[in-house]
Amino acid sequence: MAICSKGTTLQIWDVSLQDKPSLFWQAKNVREDDLCLARPIWDTDAAFIDGGKSILTSTAYGEVRQYDFRSGQRKVAADVQVLDKYEKGSQLKMLTHIEASLVNPNYVYVVSLEGHPMMLDRRVNFRVARKMHGAKGTIRDMKVVSMTSEDNLNGEGADFLF
């Protein structure tokens, strides 16, 4: 079970023993900013990729982080600012959900707080490959379903379904 929250780095717990769950892995703190100040932690969602060998987290600050278990280290393997905090005069760009593609392992789907789903390409440092317009509002949950050779992004919000 992966746990991420505000002020706490990513933790993975072994819950196979229901009587006594144990901490399996915990990420190190992220690197300091350019002014040598501690960067705030607020992970909003996590998704396992590469058959459970890596994990991605989305943050409330518009970042995507990748942790790789194969390296044996707890530090961040990739830390990318996907969205600027203030883009085109809008509010803070929080990434609320992250899901891996079921068809193409190089693609990842994220959703911003304003309800804009985006597809990121892992091969080019999580660059936004496609923005999906039309959905507007708060997306409460998102799942990727593959019934054919394409990914279908299913979401649910407080006032709509897409």
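Going by the structure above, here's the rest.
Quick summary incoming for the structure in this document. (Residues numbered from 1 in each chain as written. Predicted model: local features only at pLDDT ≥ 70, side-chain atom pairs only at ≥ 80, totals over all residues. Heavy atoms only, no water.)

L56, V64, V82, L95, I98, V110 and F126 are the most contacted members of the largest nonpolar core, which has 16 residues in total. When residues of this core are traced back to their parent elements, those giving at least two are β4 (43-49), β7 (78-81), β8 (95-100), β9 (107-112) and β10 (117-121). When residues of this core are assigned to their parent elements, the largest contribution, three residues, is made by β8. The residues touching V110, leaving out its near neighbours within four places in the chain, are V64, L95, H97, I98, H116, P117, M118 and L120. (Core = buried A, V, L, I, M, F, W, Y, C linked by side-chain atoms within 4.5 Å. Buried < 20%, exposed > 50% of the residue type's maximum accessible area, 1.4 Å probe, protein only. Helix = DSSP H or I, 4+ residues; strand = E, 2+ residues; numbered from the N terminus. Contact = heavy atoms within 4.5 Å.)

Further remarks concern the side chain of T9. If you trace the backbone, T9 turns up in strand β2 (residues 8-14). In terms of polar contacts, T9 uses its side chain to reach the side chain of Q26, at 3.2 Å. From its side chain, T9 meets the backbone oxygen of A27 in a polar contact 3.0 Å long. (Polar contact = N/O pair within 3.5 Å; in protein donor to acceptor, adjacent residues only side chain to side chain.)

Here we come to the sheet that holds strand β11 (residues 127-131). Strand order in the open sheet formed by four strands is β8-β9-β10-β11, with antiparallel pairing between adjacent strands. Two strands close off the open sheet at either side, each with one partner strand: β8 and β11. Geometrically, the sheet is characterised by an average inter-axis angle of 30° between neighbouring strands, direction not taken into account. Here five bridges tie β9 to β10, and the two strands are oriented antiparallel to one another. Residue pairing across strands places Y109 opposite M119, the latter belonging to β10. (Pairing = 2+ DSSP bridges. Axes fitted to C-alpha atoms, helices over the stretch in contact; angles between N-to-C directions.)

Overall, antiparallel pairing links the three strands, which are arranged β1-β2-β3 in an open sheet. Bordering the open sheet on either side are β1 (2-5) and β3 (22-26), each of which pairs with just one other strand. For this sheet, the mean inter-axis angle between neighbouring strands, taken without regard to orientation, is 30°. Across four bridges, the pairing between β2 and β3 is antiparallel. Directly across from Q11, in β3, lies its bridge partner Q26.

What is shown is where atoms sit, not what they do.
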